[in-house]
Structures are given as structure tokens and as C-alpha cells.
Protein chains: 4
Amino acid sequence: MNGNYQEALHIIDNVLNQAPDFNEALFSTTFECDQKHGTEYHQRFSDYWKWIQKEDLVVDGAMTDPKGDRGKRPKDQADPDLYLRVKQRQPGGVVISGAKLHQTGMLNSHEILIMPTLTLRSGEEDWAICCSIPTNTKGVRYIYGRQASDTRKLEKFSLDVGNTTFGGQEVMTIFDNVFVPKERIFLDSEIDFSGILVERFASYHRQSYGGCKAGVGDTLIGATALIARMNGVAEASHIRDKIVEMIHLNETIYSCGIACSAMGQQTPAGNYQVNLLLANVCKLNVTRFPFELARLATDVAGGLLGTMPSAADLSDPVAGPYIKKYLAAAPEVDVVDRIKVLRLIENLVAGAGAVGYLIESMHGAGPPTAQRIMISRQTNLEDKIKRVKDLLGIS
Amino acid sequence: MNGNYQEALHIIDNVLNQAPDFNEALFSTTFECDQKHGTEYHQRFSDYWKWIQKEDLVVDGAMTDPKGDRGKRPKDQADPDLYLRVKQRQPGGVVISGAKLHQTGMLNSHEILIMPTLTLRSGEEDWAICCSIPTNTKGVRYIYGRQASDTRKLEKFSLDVGNTTFGGQEVMTIFDNVFVPKERIFLDSEIDFSGILVERFASYHRQSYGGCKAGVGDTLIGATALIARMNGVAEASHIRDKIVEMIHLNETIYSCGIACSAMGQQTPAGNYQVNLLLANVCKLNVTRFPFELARLATDVAGGLLGTMPSAADLSDPVAGPYIKKYLAAAPEVDVVDRIKVLRLIENLVAGAGAVGYLIESMHGAGPPTAQRIMISRQTNLEDKIKRVKDLLGIS
Amino acid sequence: MNGNYQEALHIIDNVLNQAPDFNEALFSTTFECDQKHGTEYHQRFSDYWKWIQKEDLVVDGAMTDPKGDRGKRPKDQADPDLYLRVKQRQPGGVVISGAKLHQTGMLNSHEILIMPTLTLRSGEEDWAICCSIPTNTKGVRYIYGRQASDTRKLEKFSLDVGNTTFGGQEVMTIFDNVFVPKERIFLDSEIDFSGILVERFASYHRQSYGGCKAGVGDTLIGATALIARMNGVAEASHIRDKIVEMIHLNETIYSCGIACSAMGQQTPAGNYQVNLLLANVCKLNVTRFPFELARLATDVAGGLLGTMPSAADLSDPVAGPYIKKYLAAAPEVDVVDRIKVLRLIENLVAGAGAVGYLIESMHGAGPPTAQRIMISRQTNLEDKIKRVKDLLGIS
Amino acid sequence: MNGNYQEALHIIDNVLNQAPDFNEALFSTTFECDQKHGTEYHQRFSDYWKWIQKEDLVVDGAMTDPKGDRGKRPKDQADPDLYLRVKQRQPGGVVISGAKLHQTGMLNSHEILIMPTLTLRSGEEDWAICCSIPTNTKGVRYIYGRQASDTRKLEKFSLDVGNTTFGGQEVMTIFDNVFVPKERIFLDSEIDFSGILVERFASYHRQSYGGCKAGVGDTLIGATALIARMNGVAEASHIRDKIVEMIHLNETIYSCGIACSAMGQQTPAGNYQVNLLLANVCKLNVTRFPFELARLATDVAGGLLGTMPSAADLSDPVAGPYIKKYLAAAPEVDVVDRIKVLRLIENLVAGAGAVGYLIESMHGAGPPTAQRIMISRQTNLEDKIKRVKDLLGIS
């Protein structure tokens, strides 16, 4: 194993602090591309990233193309824009056309870093484009995605929102003939580095879920423990057992995030890369355990999660007093506080928060099948077979 | 085993058609109560139910009390109304006070049939009340429960609703000093029959979930298979495998509904009762498998489930064409149809439909712990131990 | 649904009593074959089976061929005998050659009923043979299969066997040029009925596992509850919970066995056939839940399951007293009784009994993939898709 | 988080190389005991361990007492020896009496290090003893534990053993009035350090399972992949999927072992201690995933796992050729090699190897309930609740 723990600190911090990830992938990939092709992407990207850090800018890493007919390659689609591509080459740069889906946090970013979505082949050079643009560039348009219960944020009474402090948004980003100047291009036509870039970015991203979703999980665990206490059942053995199970599953996700960091390795470019096998193991667990945490929270919270009256009715002079009378728990528990906790849990298991905690846990950084393919590729199965043959004296 | 298959047809039909359930529980319980206490509930209830059938009325069975501080008995609550009770006795009837939570479909019912929520003890006779009233009785009030994404039903564009044909509602029902005439009372003070009534109603209800939730499951399976086909991935081995898994889990639920019916037994009153052990096994599976079906549907459907633009934007002259361009799948697939299917799946896994399919699967007819207690009680564990002792020659 | 409950009694009894299954499959298949091809198998088989019943004989249904290279068809194998076949046709019968693997209970049977192992195609008529012979027919040889801990049955002290009353055996049965007279042939060359016969036999067999493995499960549950009591931990909440979970899983298996019987249908031949979809659902659960029951039993039983001294040492004048001193539990528990229960559990989770309870639960009546294929085929997925389209107004 | 990665290397190595664990626990515990009580255990233990390292000796850490009636404390047992204790104090040392169960590898060790099995209370000072003795000390006796299929090792043909190179043994170790000199005592009567010692040793041990059982898992994965290849089904999608699942679960265990090491902390004594929460999460996964790996291996390997003829029959002039003829797979696969692989898998899922891979995964370093208790204790649940309160503005 690799013993550079001092440096591993950096990538473990990535799990803990959810630092960016595509920048690390680009740092090493541009270095290797330059080595092979004599390009000058590495210095260009390093300068760009130093500027980002100096200016303290937020950058959205945009990878997922719409993909259209999944049975066809980019160039065989009815509409070639279904994978973002270079549509025209001009003296000082390129014009790109296409879209990126599922862009979490795009609307609160200053910059977009565009990457290809899959390994490209010969003849598909126009789709092998990696570049950056400011989010307010001409030709870029954003279409907001809906989330369950999203319009509760627009209602008069905020109680039903569940979480009024934090939230997120996912947008479809359109690139309608957008010009990108040469100095913002970090890969163009080098198809042999498209797959490496995807694989590395995806793996850093899969690592970071070991911190991100464990953090949301902690919130759900806290809310579940709190509602159990408010309901007066916190000491029941089956309630305690379900909360321990939630903690266990959540800490397993976290452990996988730590492990793929601790077992990372230095790249030729000098930065550190997570262990690709374990990062994919991490994310594959993320496609499972949050769903079980949500199920257990639904169990402990009780049926009110799906039947509770609205905040508007709570403020109603006729309905309000009835609600307060009948949603009372133990005398020391404030009814409105109890409603707040239930609305937070609802938010996470069947509301706007479920987009981030459940749907994104499944599909963010790629769906489970993508992780299974990577696990299959990154495992040295032949070595395991060889050891068994040696053990059994099979030639 | 009991061979009355001709009659078992009736209770199997209960699974298939979701016929009422509390009426069967009351039919046998009032019979036994009359036998023991010389009361006259059975004839009264039979007459009532014949009238219900003749008039073809919808009756809501109301059982779940708010319960307040779960560590205390009904009479020890700060507010005795936290369990519905007889507050006053009058010559021709009783006045009741309290509330029933989580009443699915109450607002589309003609009648309410009120039952106690737990086994009552000596000194708690006022809470041992079973009676019926019309839903428009003076003093009864309804407070509508919120569901995820409920206000989408009020929006201009119906596409985002997901399921515009079917839906449900859950209400908190208040009984504010409601008078119930004597001829509508089917149990009053007979604490020794409160537990039997709860147990039987719950078991019929737990049986019926083997039909109800399997039916919703079939819809989710159909929608998942359809979106896979629209996405052009229906033949991928992992997609086929996930759909087979969904079918398997769903048919396991259905099988449990059938089994507890087929193994039912005739009661002294002459009607048929489901097998109590297997009905609870049925429901306990319902607290698990729909969540896994929802997880698998989320996997197959793809990330658009959480990021898709609104129907309003689809109709927008600027945004609309972009959405249609970039959400196109294979050329033969209509984009709006694709959106419809995704919105239906969203409805079931993280929208209004998730209240019925997930939260109600967990808590309807009682939470999983209630089923575990019943499984423990209904199993003849001593017989299993005795057989092992006999096998091993242990005295 | 089909309402012939009176007759369904018969097939439910199949689950409860583990009656034979291939006879039902042959009864209907020979009838349909005669109808189509004008053969005379049905009367011949009916007469044969009446004789079996009159003489009260045990018949082993032999289906599983060795299969050799699984990538090749029967006739393309290096050795054509790897699928049992008609090697020669003679005036009064046929000569068969091949083997049947995994024959449970063959050595305690009077007769063998041979069936093809897969759907055969044109050019593979010689492999489409179904016939019966006495187990002591010339040319038939039996090679006994090993089971974990099998030779404990030969040791001086029987305590370590775990279950000295019941057991089973699995043999490889060789058919070395065995002559079968014409009157014992029930299918010969009719390739179009080979698949139907396999599918039906397999489904009856998969149904019967709902009774068979649930019965073994009951024994394991009883033993687990007994050892918990002996260890003085029967009332611990986590122990009770694990035993409830074992019961729940076991009764789910049983419910699936009941359901596929209750939903069966009459065949044109007049007998009853299980519901093919639900029978496969039943067996697929059997490939999962016994493993979880075994895991839970291992948990409750404690580490002694894998470390307990031998019965020989227990009888040793030096070692014996130490063992009795240190394996004592509560004073009222006999140490040898405690050892007996632990050895029974060991037998079922990691000994000779595990062959029947775990390995056979996985592979008996076909491995899980075979059930998944049948579930896929037997589900009307198009109907589910159509209902969703209707719901959403998709043409 | 703690950044001492350089030193964390040491405890990560513990996972990778399965270094001892109780020595680390004793190193820090004796240090803290001396600080509080003015004892001189730390120097004594350090000297002892330096000698162990210099002489390169194997030391068995002996913790698990028989426990007798689990409802009673050590001093309330019918026989006080059911928990190992100081029976007599003499000028130069103590006489101990009792037993330690489940001692893996005791018979190949030079030294025994005895520790208490639980947190002791006032009045139980005689049970608070930690000391070391050579394995050949007078009064120490060993009673060998049986394992499934153990006597296959004594048979003429070794093929059926499955794994002829490696194996293990578990012994019951009796201490019949054994004298321990003062210089070998590392804790005596300091009840307040008994629980700390148990907790630390257990946590190191639970960490090490992340390496140990993942290593066995790799062997099972290799054997499963090899038998799939020999059977000619390695490329079937469901087979590939099952092997990926095995790898995923196994690497999750490994990740948890790495994570609890990487997140470890320095103790006041100067050595490093694993993260107690994550070490228990690691072990709790070990009580689950190896069972699923065994189930998947059983699925892929096929029914021969439970029905294969003996090696003796393979050598028989009559039976042997039949076995070779009918267990042939693809022509390039040697039949005996195929049998070897199947026997290795049988060894691990239902033979002697299952003691180490399944039963020990459940109970070694404590059963799952012990880990759940530790997870509950080590989690800062109040902090999670507080964060939720802050988020929601609940005071």
C-alpha cells in the first residue's frame, strides 16, 4: 500500500469538506495529455485554477449529456447536439452546442467547467471537448428543474417547507452556439483522454458522496432520534435498534469515503488520486443505504409524516386549536416543534430534500450500473483466481 | 387445515377487490360479545350493514387515536380526549369526544364507523366505544392532510401532477361533542372485546394490503418497464433483472394476501376470518418491499426523476423548444409521453402517491412493530420447541 | 380468478404433505401430447401411476443431466451421454445412456421416473425421452454423494451427528445402456412437449418447497428458541426480535407455497396445476430466506456452534468433567441437552443438514436464475404497460 | 480529524497484516492504570512484549469466559470458575482457576495472555485479572473443538478436505489452579480498568476482521470465478453480476477496516488506537456480508456443492471412470481440478472453513449485539439532535 499519509490528508479532506473533484481529475489528465500529445493544457488549466482559488469562485462541473437514444453513439443521434459538441472552429476558439442535464448548484456558481460524458472513439473528436466559461456567457440558458413540494417555498407559511435554511436546485443547462476562447480550452479532440477524464472525475465524485450523503444521513438520524423522543418512545428497544441501524449504515458509507481516500495514490502530475476501486464501492453503497435510512426514519416517525395538516390550517382560528389539541404529545413537547421535525423528515424522505438524498444518491456521479462496471474493471480477478489455483495446485 | 374453499372465496376476494374489512371484524365480535354479555349488538350491526349494502354507501373505518404521550394510558393523558371517549351518557345515546387521525378516504365516505384503538382495561370503559355516524353529523370536523407536491393539482398545467386520474386524501377527523343515538352503538364499555375487535380489524386490513399495495406495485412496474423502453434500454440485462426483481417482490406481497385468505377459518358468527398469523406476515412484507420497488424504479427511471423542468416551462415559447430538443429519446418516442411516465414514477416514489405507496405501506393498519408483536403471539413457538425436544430425546 | 377451491385443496395438500409432483406434470402433459400427436401415453401413464399408488411405491423423479459444457447443446457435447439419451431403438423398447445428478432420496425409492432436463429442438429427438424403470434395473449404478460431516454417522458417539433420526442422501445415478420396455415409455421424440414437461414439473416442485423448506425452517426456529432459553437469554429484546424475524421469513415462504396452490387451475386432462408465476416466486424466496434464517440461528446460538468439543471427549474421564463444568448454563439446564441442541443447529447451518436446507434450497428444482426466467415469462408485462398508458392517455 | 497519518500507517498495517491487537490495548491501558493507581504494570508489560518480539513468539489473547447462566454476575454463578478468577493469592504470585472458550490458534501459540471478559464491579476484584503464561504451564489443558467435516483430514484421500494447505483450530482452554508469578501480572483487582481493556481489545480485534475476513472473501471470490469459468458460464450476465456483488461486499468490509485505522488517534501512552465507532461498524458488517458472499458462491457453484461423490469413489476402478465421464465440463477443463475447486468452496460455505468464515465472522471479537451497543455508545447522538434543533430553531 501507499504510505503517503501526509498527502492523503488532502484527499481525505475532500470527503470531509466536499472540496471540488473535477479539478483534481483535470490536473492529472491534462498533464498526461501534454506528455503524450505535446499539448499545453496543463499549464493553462493550472493557471485557470489558481485564478479560481484566488478569486474564490464557485465552479460547476458539467458532465452529463442528454444522450437521446441510448442505443446510439453521439454522431449517430438524430440530433448531434444530444451530446455537447464543437459545432464550429474559429481562429480564437470554438463554438459549442448541446446541453448538460442534472446540474446541481449551477445557478449559484460563477463558472462552468464542461467535460465529455463518455469515452469517445475515432470519428467523434468534436465531442471530446473540455473547457470553461462564466455562467453568464451569451448563449447559455438555464431551465430550472422541479422538485417534490417545491412550491411550498412560495407559500405564506414556511413551516411546511421542512428545511427553510438549506436546499438545492438542479438545472438543465443549454449551450446554444456558445463561443469558448482558446485560453479556456483544456481538451479538444484528444479522444484517448476522454475516458480517463470521465473515470477520474467520476471516482473523485463517488468518493465525495461518502462525506456528502453521510452528512445528510446524520441530519436524518438526528431528526429521527428527536421525533422518537418527542413521541415518548426513544427508549423502546425497537426504536433504539432502528436508530443504531441507521447510524451503522451511515457510518459504513462514511468509512468507504475515508478508505478510498486513505488508499489513494500520487499521480505523475503530483496530485493525489483516490483509489478507483474503493471509490466506486463507496458510491454503490450510497445507492442503497440512504433508501434504507429513509425507510427506517419513516417507520420511527409515524403516520403523521403523510397525513399532517398544513401550516395554513394551523394558523386558522377554527382548525388551529384542534390541531394543537390533537397533535400534542408529552406536555413538555411544543406542538409546533413536533410539526417542524416531522416536516423536516418529510422533506428528506418524500419532499424536496429527497431529490438530493435519494434520487441524487442513486444517479449522481453515475447510476449503480456504472459503479458495477468500474468495480469489475478495477478488481484484479485474475490474481484472485491465480491464488486459488496456487492453493489447490492447479496449473 | 380448513377446507372451506367455497367460502374462502369470499375472503380471497377481499384481497382482490379490497372489500371492507372492519365489518367482518364487527360481525364476529358483536356475536361473541352478545353470547358472553347478553348484549344485542350483533342484530343491530347486521341490520345496519344490510342497510349500508342496500343503499350502497361508503363507510370509513375510524380507529387510530392521536395517543398523545405514548408512555401513558388513555385516562392518564393530560387531555382525556387524546383517545376518543364517551364524554357523557344521555337517555337515547352517548356524546363522544376525541379525534381519529390518518383517515384515508374519509372525505368521500357517507358513514364513519368508530372503533377503539387498543385493548382497554378495567377503569377505561369510557374509551371502549364502537359506533357509527353519518359523515355530516353535527360536531364532526375534517382537517385535510398535506401530501408531497399536493398543490401541483392546483397548477395551470396538469402534466406535473403525475397521476391526474386517481389520488387519495388523509384527514384528521375531529369529534367535538358528537351525539350518537343508541341504535348506532355496537360496543360500549365491554373492555374485554376491545382488543379482539382491534386485532381482527387490523388483521383483515393487513390482509387487504396484499391486494392493495400489489396493485399499486403493478402500476409502478408498468411505468418502470415503459420508461426503460422509451429510454431504449429495456433489453439491457441489468434493467430486465431489476424489473424481474420488482415483479418478484410484488408477487410475494400478493401471495401473502392470498395465503392468509386461503388459510382462513369460519368464526362462531358464521363469517370467515383470515389467518391472523399470515395476515400479519403479509403486512410486514408490505412495510419493506414497496420501498425496494421504489428504489429500483428510481434506478431504472434515471436522474430526470429529480431534475425535470416544469410543465409551465414546457409550454414556454423560449424554454419549451429546448426542453423538447434535449429530452428527446429515440425518434419514435413522444417527448411529452416520456415526461408523463417520469412524472407518474415521481408521484409514486417522491410525490403525492408516495403517501399511499410508501408511508401508508409502513403505517397503515399499524406499524411493523405491531405486526411483529402479533406474529410473536400467533406463532405456536412452544410446539416448535417441543418437536425439537422430541427429535433430540430431551425431556 | 379461478374458484375451484374444492379441487384446489388437492394442490394445497401438495404443499402441506409434499406429495409427488412430476406425476401431476406427466398426467397433463401426456394428455396434451396424445391430443396433438395421437400417441397413447396418457392411458399408459395413468395405469402406471395407479399401480404405483396401489403398491404404495416410492418414485424418484430424475431430471437433472450433467450438462458438460454449458455453452453447447446436447448433441454438440464431446460426449453425447452428458445429456441422457436413447442410444438404440429395439423392437420392444429403447436402450438409454446417460446420468442424472443430484438425485435426492434415490436410494430409498422403488422406481425411477426419467424426464428430459430442458426444451429440446429439432434434431434432438433422441434426448426427448421420458420413461420409468425399477431402481434395481440392470445397468443402473448409484454413486453416493458426500455431505459435510457425513462420517460422523459412522463414529462411536452419535451425539455429534446432530440429527440421528432424519437425514437424506443425494446420489449420482448412472444409466449404462439400460433397456426400457415400450410400456414404460411416456414420451419419446416429441420434442415439442419436452419444455412443457420440464416447466410443469419444475413449477410443482418449486411449489412444494413452500412446504418442505418451511418445515425445516420450523425445526431451526424451534432449536434456536430452545438454545436461547437454555442460554438464559430468551427474553432479551434482540433475541426475541431475531426469532420473530425467522418466523416471519419462514411463514413468507409458506404463504407463497399456499398462494400458488390456491391460485392454481384445472388442466384439460382434469387435474390441477399450480399457478406457474407464483410457484416460481415461492422458490425464488426459498433461495434467499433459509440463508438468512441460518445466519440468525448462528447469531442466537453463539460461538460454541463452531468450537464445541467432540462427544468422544465428553466421554473421556479427564476431559469430560471439564467440559461438563464449563459448558454448564443455568443449573436447571442439562449440559448434554444443551450440546444436543447446538449440534442440531450446527447440522442445519454447516453440517449434513445444510445440504438439504441451504444448498438444495438454492439449487433444488432449479437455481434462482431459472426462476427469474420463468417469472419474466409468466408475467404479463405488456398488460401492466398498457394500463399505465391508459392511465396517462398515451396511445 | 486527526492528521497523524504517518503513525496511522501502523494501525492500517494491522488490518493488512493482522498484527496482534491486545498488546496495543494493554500498552495504553496499563499506562493509564499506572497513572491513576500508581501501579507498575506498564513497564512490566513493555518489557514482556519486547521479549516476545525479540524471541518472535506467538501469543494467544484469551478473553472469552464460559459465562454459565447469562442472567447472573460472575460471583453469583453456581460455580465461580465460570468466569476465570484469582482463586488464591501467594507471596510471589496468584493461582487462577477457570476456562477460556473459542481460542482460535491457541495450539500453535507459545504464550497465553489472559484478560477479563467484561466490565467488573466492586466486589468482583478477583475476576479482574490480566496476566500471561507459557502455553505449556502446569495445570493448563486444551480440549479441541470439532469443526464440520473435520475428520476428512484423517481420510486416505485428501481431495475431499478442500483446503489441505491452511486451516485452523479452536480450543477450550482449562486453567486448573494455575500459578502465575507476579512478574507476569498486568492487571489485578483494578476493576475500573477491566471495561476499558475489554473495549479496546475488542475494537482492535473488530478492526482486524476488516483485513482477515476480506482476505478469506478474496479466496472465495477467486474460487467462485474459477468454477464459473470451468462450468463455461463466466460470461453470463447474471454470473458476472453476482461476482461483482461479492467483490463489492468484500471491499466494503475492507474499506471499513481501513477507515477505522485511518481515523485512529494517539493514546496518552503514545501508541495508536483505532476509531472505536468505526471499528465496531466494520465488525457489524462482517457479521452480515460473508454470509451473503457464501450464498452467492453457493448459487454460482451449482448443486454439485452438496452432491459430489467422494475422493475414494473417484479412485475406485468401477465408480471412478463414471465420475470422470459425467463430471466433465468443457474438454479443456480437468475433472479433478474442477472437483478441487468445488471442494474448496464447500469447505468455506459448509465445511471446516465455514467455522472461520461464517461462525467466527458472527461471534469472533463479540457477537453483533456487542457491536450495536458500542455503536450506540460511541455515537454522539445528542450532537446530531442539537444540529437538527439549530436547523429548525427549536430551543
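Residues numbered from 1 in each chain as written. Chains lettered and ligands numbered in written order. Predicted model: local features only at pLDDT ≥ 70, side-chain atom pairs only at ≥ 80, totals over all residues. Heavy atoms only, no water.

Engineer: Tell me about the overall build of chain A, and please be specific about residues and values.
Structural biologist: Looking only at helices and strands, chain A has 14 helices and 10 strands in total. About 13900 Å² of surface is accessible on chain A, with carbon and sulfur atoms providing 50% of the total. Charge centroids of chain A, computed over 42 positive and 47 negative side chains, lie 4 Å from each other. (Helix = DSSP H or I, 4+ residues; strand = E, 2+ residues; numbered from the N terminus. Areas by Shrake-Rupley, 256 points an atom, 1.4 Å probe, with all protein chains shown as cover. Lys, Arg positive; Asp, Glu negative; His and termini not counted. Charge placed at Lys NZ, Arg CZ, Asp CG, Glu CD.)

Engineer: How would you sum up the interface of chain A and chain D? Please name residues and give values.
Structural biologist: Opposite the 63 residues of chain A that make contact, chain D presents 63 residues. For the pair chain A and chain D, the summed buried surface comes to about 5300 Å²; carbon and sulfur atoms form 69% of the total. Counting every contact that joins chain A to chain D gives 10 salt bridges. Notably, a salt bridge pairs K384 of chain D with D218 of chain A, separated by 2.8 Å at the nearest N-O pair. Linking chain A with chain D are 16 residue pairs in polar contact (both at pLDDT 80 or more). If you tally residues by element for the side of chain A that touches chain D, the top one is helix α5 (residues 237-262) of chain A, at 16 residues. Counted by class, the side of chain A that touches chain D contains 35 nonpolar, 14 polar and 14 charged residues. (Contact = heavy atoms within 4.5 Å. Buried area = accessible area lost by both parts, 1.4 Å probe. Salt bridge = Lys/Arg side-chain N within 4 Å of Asp/Glu carboxyl O. Polar contact = N/O pair within 3.5 Å; in protein donor to acceptor, adjacent residues only side chain to side chain. Nonpolar A, V, L, I, M, F, W, Y, C, P; charged D, E, K, R; others polar.)

Engineer: Run through the relation of the copies chain A and chain D, naming residues and quoting values.
Structural biologist: Here two copies of a chain appear, and what relates them is a rotation about an axis with a shift along it. Note on the identical chains: chain A maps onto chain D by a rotation of 180° and an axial translation of 0.0 Å, with an RMSD of 0.0 Å. In the structure described here, the two chain copies are related by an operation that fits a two-fold rotation axis. Most of the interface of chain A is mirrored in chain D, where 100% of its interface residues are also at the interface. (Least-squares fit on C-alpha atoms with pLDDT ≥ 70 in both.)

Engineer: With reference to specific residues and values, describe the interface of chain A and chain B.
Structural biologist: Each partner contributes to the interface: chain A provides 70 residues, whereas chain B provides 70 residues. Summed over both partners, the interface of chain A with chain B comes to about 5900 Å²; 61% of that surface belongs to carbon and sulfur atoms. The largest contributions to the chain A side of the interface with chain B come from R146, R295 and Y326 of chain A, which together make up 14% of the buried area. One can count eight salt bridges joining chain A with chain B. Of the charged contacts in the structure, one is a salt bridge between D160 of chain A and R146 of chain B, with a shortest N-O distance of 2.9 Å. Between chain A and chain B we count 34 residue pairs in polar contact (both at pLDDT 80 or more) in total. Here the residues of the side of chain A that touches chain B are counted per class, giving 31 nonpolar, 19 polar and 20 charged.

Engineer: So, the side chain of S203 of chain D: which residues are in play, and what are the values?
Structural biologist: Relative to the elements of secondary structure, S203 of chain D occurs in helix α4 (residues 194-230). Apart from the residues lying within four places of it in its own chain, the contact partners of S203 of chain D are V274, L276, A279, N280 and M374 of chain D.

Engineer: Talk me through the sheet that holds strand β8 (residues 185-188) of chain A; I want residue IDs and the actual numbers.
Structural biologist: All names here are of chain A. Taking strand neighbours across the sheet as the criterion, the four strands line up as β1-β4-β5-β8 in an open arrangement whose pairing is mixed. Looking at which strands have only one partner, the edges of the open sheet turn out to be β1 (59-62) and β8. Neighbouring strand axes in the sheet, compared pairwise and without regard to direction, differ in orientation by 20° on average. For strand β5 (residues 129-134) and β8, the ladder comprises three bridges, and the chain directions are antiparallel. Paired with C130 across the two strands is L187, which belongs to β8. (Pairing = 2+ DSSP bridges. Axes fitted to C-alpha atoms, helices over the stretch in contact; angles between N-to-C directions.)

Engineer: Could you give me a rundown of the environment of F179 of chain A, with the residues and numbers involved?
Structural biologist: All names here are of chain A. Among the structural elements, F179 can be located in strand β7 (residues 170-181). A relative accessible area of 35% means that F179 is categorised as partly exposed. For the pair F179 and G139, spaced 40 residues apart in sequence, the C-alpha to C-alpha distance is 8.3 Å. Excluding residues within four positions of it along the chain, F179 makes contact with Q90, G92, G93, V94, V95, I133 and T137. (Buried < 20%, exposed > 50% of the residue type's maximum accessible area, 1.4 Å probe, protein only.)

Engineer: Summarise helix α4 (residues 194-231) of chain C; cite the residues concerned and give the values.
Structural biologist: Since there are 3.6 residues in each turn of an α-helix, residues three or four apart along the chain are aligned in direction. Residue and element names in this part refer to chain C. Here α4 spans 54 Å end to end across 38 residues, near enough to the 56 Å set by a 1.5 Å rise per residue. Remark: the principal bend of α4, roughly 30°, maps to Y209. In the stretch just after α4, G232 is the one whose phi turns positive, near 80°. (Expected span 1.5 Å × (residues − 1). Bend = angle between axes of the 7 residues up to and from the residue.)

Engineer: I'd like a rundown of the sheet that holds strand β8 (residues 185-188) of chain C, residues and numbers included.
Structural biologist: Residue and element names in this part refer to chain C. Pairing within the open sheet is mixed, and its four strands lie in the order β1-β4-β5-β8. Where the open sheet ends on each side, the last strands, each with one partner, are β1 (59-62) and β8. For this sheet, the mean angle separating the axes of adjacent strands, direction not counted, is 20°. Note: strand β4 (residues 111-114) against strand β5 (residues 129-134), four bridges, orientation antiparallel. Bridge pairing in β5 places L113 opposite S132. Set on the sheet, helix α3 (residues 41-55) makes contact with β1, β4, β5 and β8; between it and β8 the angle comes to about 145°.

Engineer: Tell me what's going on with the packing of aromatic side chains, and back it up with residues and numbers.
Structural biologist: Going through the model one piece at a time under the given rule, you end up with 32 aromatic pairs over all chains. Between F45 of chain B and Y48 of chain B, the ring centres sit 6.3 Å apart and the planes meet at 45°, which makes this aromatic pair tilted. You can see F45 of chain B and its partner Y48 of chain B sitting in helix α3 (residues 41-55), three residues apart, about one turn around the helix. Assessed through its relative accessible area of 5%, Y48 of chain B is described here as buried. Here the aromatic rings of F45 of chain C and W49 of chain C are separated by 5.8 Å at their centres, their planes lie at 25°, and the arrangement is stacked. Of this pair, F45 of chain C and W49 of chain C are both found in helix α3, four residues apart, which corresponds to roughly one turn of the helix. Neither residue differs from the other here; F45 of chain C and W49 of chain C are each classed as buried. (Phe/Tyr/Trp six-rings, centres within 6.5 Å; stacked < 30°, edge-to-face > 60°.)

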